[in-house]
Amino acid sequence: GARTGQTTSIVLDHFSGTFAGEPMQANARIDHLNVPILNGSFRGRVPVRIFNSDSSVAEFRSGFLVVPQMEIRNLWLELITPQRFLESAKGSFEPQSVQLTYQDNPVVLDGGEVWVENGEFAFDSLDVRYASSSGMVSGTLDQLGRSVQTRDPNLLIYHVEIDAEKIRVDDFIAGKSAVSNSKFGQGAARFVHQKQIVLPSGRFSGHVDTLIWGNRQIEDMRFTCTTTPHTIQGKSGFNNAGGKIESDIRIHCDHQYRMDARVSATGVDLSEAFLQWDNFGQNLITAEQIDGRMDGHAWINASLNRQGKIIPKTLHAALGFQVSDGELNRLDILEQFSKYIHIRDLQNLRFATLRNYIEIKNGQVLIPAMFIQSNAANLTINGVHGLDQRILYHLKINAGQVLGKQFKKFNPNLDPLPARKDGFMNLY
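Every chain is numbered on its own, with residues counted from 1 as its sequence reads. Residue-level local features of this predicted model are given only where pLDDT is at least 70; pairs of side-chain atoms are given and counted only at 80 or more, and the full residue set underlies all totals for whole chains, interfaces and linings. As a convention, hydrogens and water are excluded, and side-chain values are obtained from all of the structure's heavy atoms.

(A) Representation of the overall build of the protein chain within the structure. Numbered from the N terminus, helices here are DSSP runs of H or I no shorter than four residues, and strands are runs of E no shorter than two. Scanning the protein chain for helices and strands turns up seven helices and 23 strands. Exposure is judged per residue with a 1.4 Å probe applied to protein chains only, and the accessible area is read against the type maximum: over 50% gives exposed, under 20% gives buried, and values in between give partly exposed. In the protein chain, which comprises 428 residues, the proportion classed as buried is 39%. Throughout, a residue-residue contact means that at least one pair of heavy atoms, one from each residue, lies within 4.5 Å. Put simply, of all contacts in the protein chain between residues at least 6 apart along the chain, 50% involve residues at least 24 apart. Surface accessibility in these figures is a Shrake-Rupley result with a 1.4 Å probe; residues are shielded only by whichever protein chains are displayed. As displayed, the protein chain has an accessible area near 24,000 Å², and 55% of this comes from carbon and sulfur atoms.

(B) Inspection of the side chain of Ser 88 at higher detail. Here Ser 88 lies in helix H1 (residues 82–88). Classification of Ser 88 as buried rests on a relative accessible area of 4%. Each polar contact in these results corresponds to two N or O atoms within 3.5 Å; when the atoms are within protein, one needs to be able to donate a hydrogen and the other to accept it, and residues that are neighboring in sequence are counted only if both atoms are side-chain atoms. In this structure the side chain of Ser 88 is engaged in a polar contact, spanning 2.9 Å, whose partner is the backbone oxygen of Phe 85. With residues up to four places along the chain from it excluded, the contact list for Ser 88 reads Glu 71, Ile 72, Arg 73 and Leu 75.

(C) Up close: the packing of aromatic side chains. Between 30 and 60 degrees the pair is tilted, below 30 it is stacked and above 60 it is edge-to-face, where a pair is any two Phe, Tyr or Trp rings, Trp via its six-membered ring, whose centres lie within 6.5 Å. The full count for this structure, using the stated rule, is three aromatic pairs. Considering the side-chain rings of Phe 204 and Phe 223, the 5.3 Å spacing of their centres and the 50° angle between planes classify their relative orientation as tilted. On the criterion of sequence distance, the pair formed by Phe 204 in strand S11 (residues 201–213) and Phe 223 in strand S12 (residues 216–228) is long-range, its members being 19 residues apart. With relative accessibility at 13%, the residue Phe 223 sits in the buried group.

(D) Local environment of a nonpolar patch on the surface. Here a patch means residues that are over 30% exposed by relative accessible area and free of salt bridges, tied together within 9 Å if like-charged and within 5 Å if nonpolar (Val, Leu, Ile, Met, Phe, Trp, Tyr). When a carboxyl oxygen of Asp or Glu lies within 4 Å of a side-chain nitrogen of Lys or Arg, that pair is called a salt bridge. A cluster of nonpolar residues, Phe 19, Ile 50, Phe 51, Leu 77, Ile 80 and Phe 85, forms a patch on the protein surface that exposes about 490 Å² of accessible area. Position of Ile 50 relative to the elements: it lies in the loop between strand S3 (37–47) and strand S4 (59–76).

(E) Representation of the pairing of S4. Judged from the nine bridges that link them, S3 and S4 form a sheet pairing that is antiparallel. For Gly 40, the partnering residue across the bridge sits in S4 and is Ile 72. Alignment of S4 against strand S5 (residues 89–102), held across ten bridges, turns out to be antiparallel. Paired with Phe 64 across the bridge in S5 is Gln 96. Note on pairing: two strands pair once DSSP finds at least 2 bridges between them.

(F) How the structure looks around the environment of Ser 125. Within the secondary structure layout, Ser 125 lies in strand S8 (residues 120–130). Through-space distance from the C-alpha of Ser 125 to that of Gly 112 is 4.7 Å; in sequence the pair is 13 residues apart. Discounting chain neighbours no more than four positions away, the residues touching Ser 125 are Gly 111, Gly 112, Met 136, Val 137 and Ser 138.

(G) Structural detail: the nonpolar core. With 44 residues, the main nonpolar core has Leu 65, Phe 93, Phe 121, Leu 141, Val 208 and Met 221 as its most contacted residues. Contact partners of Leu 141, with chain neighbours within four places excluded, come to Gly 119, Glu 120, Phe 121, Phe 123, Leu 156, Ile 157, Tyr 158 and Val 160. We define the nonpolar core as a collection of buried residues of types Ala, Val, Leu, Ile, Met, Phe, Trp, Tyr and Cys that are connected through side-chain atoms lying within 4.5 Å of one another. Residues Leu 270, Leu 349, Phe 351 and Val 365 belong to the second largest nonpolar core, which totals 25 residues.

(H) Here's a closer look at unusual backbone geometry. One non-glycine residue with positive phi stands out, namely Asp 278, at about 50°. Residue position: Asp 278 is located in the loop between helix H5 (270–276) and strand S16 (290–304). A residue is classified by how much of its surface remains accessible, and Asp 278, at 42% relative accessible area, is partly exposed. The backbone of Asp 325 shows a phi angle near 55°, a positive value even though the residue is not glycine. Take Asp 325: it is sitting in strand S17 (residues 316–329). On the accessibility criterion, Asp 325 (63% relative accessible area) is exposed.

(I) The pairing of S16, seen in detail. One ladder, built from eleven bridges, connects strand S15 (residues 257–269) with S16; its direction is antiparallel. Bridge pairing in S16 links Arg 262 to Trp 299. As judged from the eleven bridges shared by S16 and S17, these two strands associate in the antiparallel manner. Paired with Asn 301 across the strands is His 316, a residue of S17.

(J) The arrangement of the environment of Ala 302 in detail. With respect to the helices and strands, the residue Ala 302 is situated in strand S16. Looking at Ala 302, the relative accessible area reads 0%, which means it is buried. Between the alpha carbons of Ala 302 and Thr 314 there is a distance of 5.2 Å; along the sequence they are twelve residues apart. Contacts of Ala 302, omitting those with residues within four sequence positions, involve Tyr 257, Arg 258, Met 259, Ile 310, Thr 314 and Leu 315.

(K) Representation of the environment of Thr 226 in the model. Inspection of the secondary structure assignment puts Thr 226 in strand S12. Accessibility expressed as a relative area gives 36% for Thr 226, which makes it partly exposed. Along the sequence, Thr 226 and Gly 202 sit 24 residues apart, while their C-alpha atoms lie 5.7 Å from each other. Not counting residues within four places of it along the chain, the set of residues in contact with Thr 226 comprises Gly 202, Arg 203, Thr 231, Ile 232 and Gln 233.

(L) Representation of the confidence of the model for the protein chain within the structure. With 82% of its residues at a pLDDT of 70 or more, the protein chain has an overall mean of 82. Scored below 50 in pLDDT, residues 174–193 shows 26 contacts in the model against residues more than four places distant or in partner chains. Each residue gets a pLDDT score, which is the predictor's confidence in that residue and runs from 0 to 100.

So, in structure tokens, the structure goes:
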């Protein structure tokens, strides 16, 4: 009777039992019953459904956390929040077939080991499957509890390494209804549409066997990416369309995204590249009509919208390239020359090695004069190809060579004509 809530303690030593049907053992001490503070330890299997709340960004469906030992220090029981709980916990656990839903997609966490201390998560060899993507993840997350509690992703500080068999980019781009239907919807919408863009800080690196992005398939990708509240900077190397691609990209985030990139390519199959990259937004030449191998270097500067797509009017790029064993097949625009050149030459046009420099600026592709040596005709060409598909090309054709070829039999080998930039009777 002489004791008060402030001086009373409850101590529970070495008690065991079941919680939600799962075995557990624990020790606990609660001090200051008027302002109860918990200290204790726990081991057992915890069903993840107990972590669901109205403020959760993801909904846990099934699975367990196997806890060999977890300590709780100075947890204020009257106000338990994700941040306070994580800051008071110290120990490790192993996810066991944990299934949850995030943005209407299933996520499975299994195996590996997770440590928590002073609010920081560390994890090693965690098997993660999200929709159709899967990989092993290791790293650290700091300020996770605060980020979850406030629904503010830019508070997170991370260091993550991934070794993935397959990643499908579309899995991580929320559909039109996914964000709005998820519990995270309002917070995500606020993050996407807010005037100032702020990102989490950290480093993300790893290796992906196969990365699928729409029709594009990228193989053996190795990358390193760092982010600050207003920048994304990364380097990557990967195989695509039969060639090797290296890139160095920096994106500045303020009220929009601004990208500056350096890209080099070696041995790219043009037909496969046009197929995977949707003919690069034009329909004059399609994947079925082009062939050859390309090497090149490109510099790209452009603004991106909030969905990561280039805003065409802001695009400024320069490309130096070389095409070997180039072919154009069944190109309708060339068949207009069939009165002057063998039609079979025009249907299967083969080029000698082609080199040039192209600039994209103010919505136009600027093509400097270049000499094209083919089996049908040799010509010099330059011009402007608008991103709106309005074109203006200037051509100089060695008409004497073309007329002379009319009196010869068709050459089924389709060998390019001898080089002759200037000669008898040029047409402009």
